[in-house]
Amino acid sequence: QVQLVESGGGLVQAGVSLRLSCAASGRTFSSAIMGWFRQAPGKEREFVAAINWRMNTNYADSVKGRFTISRDSAQNTVYLQMNGLKPEDTAVYYCAAGSQFSTTTKAYDYWGQGTQVTVSS
């Protein structure tokens with residue numbers, strides 16, 4: 001079983017940067033697909049970024065060029081570097097793990113507790 005704990009969220013001003021971390025544990029972590037999702041109030045949870053075991057990455061169009069997902073297998077940690085933050089990025093951000101490289105929530109089996117990111121203008 002995989003356990004995920006996110007950290008690094010907070011209140012920031014538009015245009016600045018923030019880095020989220022996801023600490024993972026479990027015997028199957030090294031083979032898992034890791035993803036970041038976000039959910040704003042009144043909206044469905046949406047895909048942000050994902051990374052597979054080959055270190056290939058995929059990004060939502062809304063964050064491409066601004067966000068970077070990375071994975072440090074030696075430290076069992078996944079990161080989401082967020083640059084040029086906009087008010088529309090405000091949401092609870094969730095780290096997820098699964099066995100399929102996908103942009104859908106259904107494809108992921110394990111979820112962290114979420115960390116709040118609020119971007120003010």
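These lines cover the structure that appears in this document, whether it is placed above or below. Model, not experiment: these values are computed from the prediction.

**Observations concerning the pattern of salt bridges**
This model, assessed by the stated rule, comprises 4 salt bridges. One salt bridge in this structure joins Arg38 and Asp89, with 2.9 Å as the shortest N-O distance. Of this pair, Arg38 sits in strand β4 (residues 33-39) while Asp89 sits in the loop between β8 (77-82) and β9 (91-98), placing them 51 residues apart in sequence. When the shortest N-O distance is used, the salt bridge between Lys64 and Asp61 registers 4.0 Å. Asp61 shares its class with Lys64; the two are exposed. When salt bridges with common partners are traced through the structure, they connect Arg38, Glu46, Arg66 and Asp89 into a single cluster.

**Some remarks on the sheet that holds strand β7 (residues 67-72)**
Pairing in this open sheet of 4 strands is antiparallel, and the strands run β1-β3-β8-β7 from one edge to the other. The open sheet has two edge strands, β1 (3-7) and β7, and neither has a second partner. Going across the sheet, the axis of each strand differs from the next one's by a mean of 15°, ignoring polarity.

**Section: the pairing of β9**
A regular strand carries its side chains on alternate faces of the sheet. For β9, the tally of buried residues reaches 7 of 8 residues, placing the bulk of the element in the interior. Direction of pairing for β4 relative to β9: antiparallel, over a ladder of 7 bridges. Bridging from a neighbouring strand, Phe37 pairs with Tyr94 of β9. Note: β9 against strand β10 (residues 108-111), 3 bridges, orientation antiparallel. Across the sheet, Ala96 pairs through a bridge with Trp111, a residue of β10.

What counts as what
Residues numbered from 1 in each chain as written. Predicted model: local features only at pLDDT ≥ 70, side-chain atom pairs only at ≥ 80, totals over all residues. Heavy atoms only, no water. Salt bridge = Lys/Arg side-chain N within 4 Å of Asp/Glu carboxyl O. Helix = DSSP H or I, 4+ residues; strand = E, 2+ residues; numbered from the N terminus. Buried < 20%, exposed > 50% of the residue type's maximum accessible area, 1.4 Å probe, protein only. Pairing = 2+ DSSP bridges. Axes fitted to C-alpha atoms, helices over the stretch in contact; angles between N-to-C directions.

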